[in-house]
Amino acid sequence: MEGERGWSIEGYLNEYFDIPAKNPPSDARGRWRRAVGLVVRNRRRRFRAFSALQGHALDDAQRRKILGKVQVVINVHRAALQFIDGIKHHLTHELTEEGFCINPDELAAITGMHEDPRILKVHGGTNGISRKIKASLEDGVKETEIATRQKLYGTNEHAEKPPRSFWMFVWDALHDLTLIILVVCALVSLVVGLATEGWPKGIYDGLGIIFSILLVVLVTASSDYKQSRKFMELDHEKQKIYVLVTRDKKTKKVLIHDLVVGDILHLSIGDVVPADGLFISGYSLLIDESSLSGESEPVQVSEEKPFLHAGSKVVDGTAKMLVTAVGSRTEWGKIMGTLNEDGVDETPLQVKLNGVATIIGQIGLVFAILTFVVLLTRFLVDKGMHVGLLSWSANDMLTIVNYFAIAVTIIVVAVPEGLPLAVTLSLAFAMKKLMNDKALVRHLAACETMGSASCICTDKTGTLTTNHMIVDKIWISDVSKSVNGDRNITELKSAISGGVVEILMQGIFVNTGSEVVKGDDGKNTILGTPTEAALLEFGLTLEGDRFVEYNKLRRVRVEPFNSVKKNMSVIIQLPNGGLRSFCKGAPEIILENCDAVLNGEGNRVPLSETQKQNVLDIINSFASKALRTLCISFKDLDEISEEQTIPDNGYTLIALFGIKDPVRPGVRDAVMTCMAAGITVRMVTGDNINTAKAIAKECGILTEDGIAIEGREIHDKSSDELKELLPKIQVMARSLPMDKYKLVTSLKSMYQEVVAVTGDGTNDAPALCESDIGLAMGIAGTEVAKENADVIIMDDNFKTIVNVARWGRAVYLNIQKFVQFQLTVNIVALIVNFVSACVTGTAPLTAVQLLWVNMIMDTLGALALATEPPNDEMMKRLPVRRGDSFITKVMWRNILGQALYQLLVLGTLMFAGKRLLNIEGPTADRTINTLIFNSFVFCQVFNEINSREMDKINVFRGIFRNWIFVGILSATVIFQVLIVELLCTFANTVPLSSELWLFSIVLGSISMIISVILKCIPVENGKRDIKPRGYELIPEGPETL
């Protein structure tokens, strides 16, 4: 009994309808689906968009099964090689005519999973293959041949299932069990009506129900179809991935779907290999093939082992590869073509609303049964008293059928099938708008979760700053100069010796991940990261004529930059036969590896502790001016063995750079918006702590109460120390990927924060996965980071992140508004029909009228309220915490207040309407029932307007900016006029006089006055006394009425 006394709607929802936003476990997903039980009118439509419970496990099992079969094929292939060496694949006439010397299937087999070097050797290795497919390993393929190659060797696209047509959605809508029962009732009504009342009077009731059902089905299918089209557009946008290729001697970016056999593809850390191919050249290339082979250890790819497969990931290094197979001819394409990827994981809000719909449906089912039992009992008692139970006519059967139709229609109204689907509608609308605003939502749940975000851990470079870098200052040979103009460059060249300039230029031009390419317009463009591009641009300005000379120097070994080492190294062969190693990266790391420095004459002199401290002071002075600092050094070598790595000590310091990256316009305002919304913004960057602090202060992130720490410090703290420190941390500098991961996990576990994290590198994947919302950078982000993210910020702008939070809050609030509106209609419709059945033995709202009301509150209501755009007020309230009630006390106040008013109005009309309004004559009953129906609909129309604001009195603010809301409201009123005045025969209504029309509208509009009175009633909303994450909220001004 104690458990029963403690039952509550929120408790029930939290017990059975609560799932995590990311990677929901199968048991949680199964629990809510079992809890829904049979209270679902249309399972086909309700669960259509969701993946099967065993979907992911099935896909993994399928992949393993396929890989097992592939391995069997490989073993058979190897065993049979000796028998098929002499067999050649047939060359088609088209291939021969175009000058190609290898069949597409034979070419694809060379780079298949069997990776047999003997087959490749037979074809002359990579060079031989390139000749057979008419591709230059230096210049790439010709643009004029692209269409021919796609025709003969295939396109880089996987087979996709055709999109669902509109009629398939109609078919889904027709699977609604209650609508099917109503169709049967309508057919029975038609037959009995024709038999008793003849043509055409006998068909009106049945046809009215059938036409209403068709209207409901068409409107529902149209809404679902438009949603599916929006999701299709988003899916196509997700597939727009660009890669770097060389074509016609030019390096350019192309979509992966435009890749062709023969393309020279450039790979770097974090890329996902988009096609099968052969290694041409590169450095330290490590490939993760776990998605294909299941092996967790990365594979080293080189000229000796040149096979590269689509779907694998670049863990380290850089390379160029020759594309040999695309699309369904790749091993990855074959696997993807066999997997079932229908449906997505349900979101927490969708599950929560399924719970709300279940509760309402169970209550509605009870009311429907009671209504039918009461109506039938009264009918049987009345018949028994006047005619007798042994005498039955066709009219008696028609009456019972109508009673049953009313009961079924009450179930239609009571089971809010559109409630969970309203979330999908709202999310689709928000995702479409966000895509236009440069935010691509990859996972549906992320959009709503972002609305609850209480903390954003953001990168600095490119997110808070413009990512347009230039070298602003340089320290070299004890000379510190500003270099942001031609005059300053000239002064710099005159201040240092030619030997120093030569070594500096070598270090810049050979130790770089960027490259200079010629565009279609003939102008040179620098491709690469902004930092690398800034250094290369500086070098070209200082000694651009020597770029080609230095770039031809042979690179003996290369260690590309990664976020753990925070440096990049290269060994080159000098013209005089010696070796020279260059290293550049974070100043404190490079400085620690140096024991000498170049003086003004270009001589190597020991680096004393005093000089080292002087350099550190210069680093700090650059950093305090918000400049990104970077050092470059060199070391001459005699020789290096194959086993040796590039040295990490004994270097000579060449120069220190201060790179300027201005703060983006509007970032400070966006940070202030976050503070007002109770969202803490923390900067997590790999930069020097002084640079980070300067930028953070400029952005408004670092306040007087906040602190800035370095990433390593977070690991040195005990749990208690870390718990005390976390709320104060506003900047984390010199951060490694695992530092970011530690920060995210600590915030979630210690403070139950809802954490959003930005990331752009491969090593950011753990933090992106662990966070509640992973935000990858669209411009600077690697493909691995994007794959692990929930949202891709296409313009890398912090303002866009805040906009995602704004839309997330809009989704949550819009659904709350819709639930408030729908619950009010549910309560009134159920009680009115039940009370009327008990007292009068009839139901004032007929099946056709209830179907129309159902459409107003279901599909049309969702379209109107679930598509409200966000407003500034949304970002002046605290985020919704984990575990907060979905149906708030404010909502209950509005629901019960409006329902009570509507019940009083409709009850008065039902029992005293004819007397009060002096309605007499043979049509008096139908007139009063029509008036009740009309007044009920107008109460919903005005209550729909009331629902736009749950707390604020001014419900008209911004109403004309939402054309969907205005359009649906107008259409509802117009169609209501048609039903009452023109379709009265089918809807069982009579035309109303102008006075009664005005009376109905006035009764409906009074609900707006009721709304104002209700909003003046104070409701304890559980406001939090503490400051949100240590920030003072920006005070709100007086409410505008």
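Being a predicted model, the structure only gives us computed values, none of them experimental.

Colleague: How should I be thinking about helix H36 (residues 963-981) in this particular structure?
Modeller: Along its 19 residues, H36 runs 27 Å from first to last C-alpha, staying within 8% of the 27 Å computed at 1.5 Å per residue. When we look at burial in H36, the residues that qualify are Ile964, Phe965, Ile968, Leu969, Thr972, Gln976, Ile979 and Val980. When H36 is viewed along its axis, its buried side chains cluster within an angular range of 130° and face the same direction. Exposed residues lying more than 90 degrees from the buried face of H36 are Trp963 and Ile974.

Colleague: How should the nonpolar core be read in this particular structure?
Modeller: Soluble globular proteins: nonpolar side chains tend toward being buried together. Core analysis: the largest hydrophobic core is formed by 160 residues, its most contacted members being Met450, Ile773, Val791, Phe798, Ile815 and Val819. No other element matches helix H32 (residues 798-839), which puts 20 residues into this core. Split by domain, the residues of this core number at least three in each of domain 2 (416-428 + 805-1016) and domain 3 (439-465 + 664-796). Setting aside its immediate chain neighbours within four residues, Met450 contacts Ile456, Ala756, Ile773, Leu775, Ile801, Val804 and Ala805. Ranked by size, the runner-up nonpolar core spans 41 residues in total, among them Val273, Leu285, Ile287 and Ala319.

Colleague: Please clarify how the pattern of salt bridges should be interpreted in this entry.
Modeller: Overall, the coordinates contain 29 salt bridges when judged by the stated rule. Its salt-bridge partner being Lys584, residue Glu532 comes within 2.5 Å of it at the nearest N-O pair. Of this pair, Glu532 sits in helix H22 (residues 530-543) while Lys584 sits in strand E16 (residues 579-585); the two residues are 52 residues apart in sequence, bridging distant segments of the chain. A residue is classified by how much of its surface remains accessible, and Glu532, at 11% relative accessible area, is buried. For Lys584, a relative accessible area of 6% gives the class buried. Measuring nitrogen to oxygen at the nearest pair gives 3.7 Å for the salt bridge that ties Arg546 to Glu549. Arg546 gets classed as partly exposed once you look at its relative accessible area, which sits at 25%.

Colleague: How should I be thinking about the UniProt feature "transmembrane region" (unreviewed entry) in the chain in this particular structure?
Modeller: The positions UniProt marks with the feature "transmembrane region" (unreviewed entry) are residues 177-196, 202-222, 359-381, 401-430, 823-845, 890-912, 963-990 and 996-1017. In residues 963-990, helix accounts for 82% and strand for 0%; the two terminal C-alpha atoms are 32 Å from one another. Helix makes up 91% of residues 996-1017 and strand 0%. Its end C-alpha atoms lie 32 Å apart.

Colleague: Before we go on, may I ask you to explain helix H11 (residues 166-173) in this structure?
Modeller: Three or four residues apart is the spacing at which side chains of an α-helix point the same way, because the helix has 3.6 residues per turn. Of the positions making up H11, those classed as buried are Phe169, Val170, Asp172 and Ala173. Viewed along the axis of H11, the buried residues span an arc of 160°, placing them on a single side of the element.

Colleague: Would you take a moment to explain the sheet that holds strand E24 (residues 755-759) for this structure?
Modeller: Strand order in the open sheet made by the eight strands is E8-E26-E25-E24-E9-E21-E23-E22, with mixed pairing throughout. Pairing within the sheet leaves two strands with one partner each, and these edge strands are strand E8 (439-441) and strand E22 (707-710). Averaged over all pairs of adjacent strands, the angle between their axes in this sheet comes to 20°, without regard to strand direction. Direction of pairing for E24 relative to strand E25 (residues 773-777): parallel, over a ladder of four bridges. If you follow Val757 over to E25, its bridge partner there is Gly774.

Colleague: What is the right way to look at a nonpolar patch on the surface in this model?
Modeller: A cluster of nonpolar side chains, Ile974, Leu978, Leu982 and Leu983, forms an exposed patch at the surface whose accessible area comes to about 370 Å². Mapped onto the elements, Ile974 comes out in helix H36.

Colleague: Where do I start with the side chain of Glu710 in this structure?
Modeller: Tracing the sequence through the fold places Glu710 in strand E22. Discounting chain neighbours no more than four positions away, the residues touching Glu710 are Ile689, Met732, Ala733 and Arg734.

Colleague: What is the right way to look at the pairing of strand E15 (residues 567-573) in this model?
Modeller: Taken residue by residue, a regular strand's side chains alternate between the two faces of the sheet. For E15, the tally of buried residues reaches six of seven residues, placing the bulk of the element in the interior. When strand E14 (residues 555-559) meets E15, the two strands line up antiparallel, connected through four bridges. Paired with Val558 across the strands is Val570, a residue of E15. As defined by bridge partners, E15 adjoins E16 across seven bridges and the pair is classed as antiparallel. Bridging from a neighbouring strand, Ile571 pairs with Ser581 of E16. Hairpin geometry of E15 and E16 is characterised by an intervening segment of five residues between the two adjacent antiparallel strands and by a positive phi of about 105° at Gly577.

Colleague: How should the packing of helix H20 (residues 486-495) against H22 be read in this particular structure?
Modeller: In helix packing, the relevant descriptors are the interaxial angle and the interaxial distance, both defined with respect to the helix axes. Across the interface, H20 lies against H22 with an axial gap of 10 Å and an inter-helix angle of 70°. The angle between H20 and H22 falls in the class roughly perpendicular. Contact with H20, carried on its side by Ile489, Leu492 and Lys493, involves Phe538, Thr541, Leu542 and Glu543 of H22 and no other residues of that element. Taken together, the residues of the contact of H20 with H22 sort by class into four nonpolar, one polar and two charged.

Each value, and the rule that gives it
- Each chain carries its own residue numbering, running from 1 in the direction its sequence is written.
- Given that this is a predicted model, residues contribute local features only at a pLDDT of at least 70 and side-chain atom pairs are listed and counted only at 80 or more, while totals for whole chains, interfaces and linings are drawn from all residues.
- As a rule here, side-chain values cover all heavy atoms of the structure and leave hydrogens and water aside.
- Working definition: helices are DSSP H or I runs of at least four residues, strands are E runs of at least two. Numbering for both runs from the N terminus.
- Each helix should span, by expectation, one fewer than its residue count multiplied by 1.5 Å.
- Exposure is judged per residue with a 1.4 Å probe applied to protein chains only, and the accessible area is read against the type maximum: over 50% gives exposed, under 20% gives buried, and values in between give partly exposed.
- The arc in question is traced by the directions running from the helix axis to the C-beta atoms.
- What is meant by a nonpolar core is a set of buried Ala, Val, Leu, Ile, Met, Phe, Trp, Tyr and Cys residues, joined one to another through side-chain atoms within 4.5 Å.
- In this document the domain limits rely on a domain assignment from an automatic tool or a database.
- Whether two residues are in contact is decided by their heavy atoms, any of which lying within 4.5 Å being enough.
- A carboxyl oxygen of Asp or Glu within 4 Å of a side-chain nitrogen of Lys or Arg is what we treat as a salt bridge.
- UniProt positions are given in the numbering used here, feature names are shortened, and annotations may be inferred rather than shown by experiment.
- A pair of strands is considered paired only if DSSP assigns at least 2 bridges between the two.
- Interaxial angle, 0 to 180 degrees, is taken between N-to-C directions of lines fitted to C-alpha atoms, where a helix line uses only the stretch in contact.
- Only residues whose relative accessible area exceeds 30% and that form no salt bridge enter a patch; like-charged residues are grouped when within 9 Å of one another, and nonpolar side chains (Val, Leu, Ile, Met, Phe, Trp, Tyr) when within 5 Å.
- A 1.4 Å probe and the Shrake-Rupley method give the accessible areas. Residues count as covered only by the protein chains that appear here.
- Under this scheme an angle from 65 to 115 degrees is roughly perpendicular, one under 35 degrees roughly parallel, and one over 145 degrees roughly antiparallel; angles in between are oblique.
- Under the grouping applied here, Gly and all other residues not named as nonpolar or charged are polar, the nonpolar ones being Ala, Val, Leu, Ile, Met, Phe, Trp, Tyr, Cys and Pro and the charged ones Asp, Glu, Lys and Arg.

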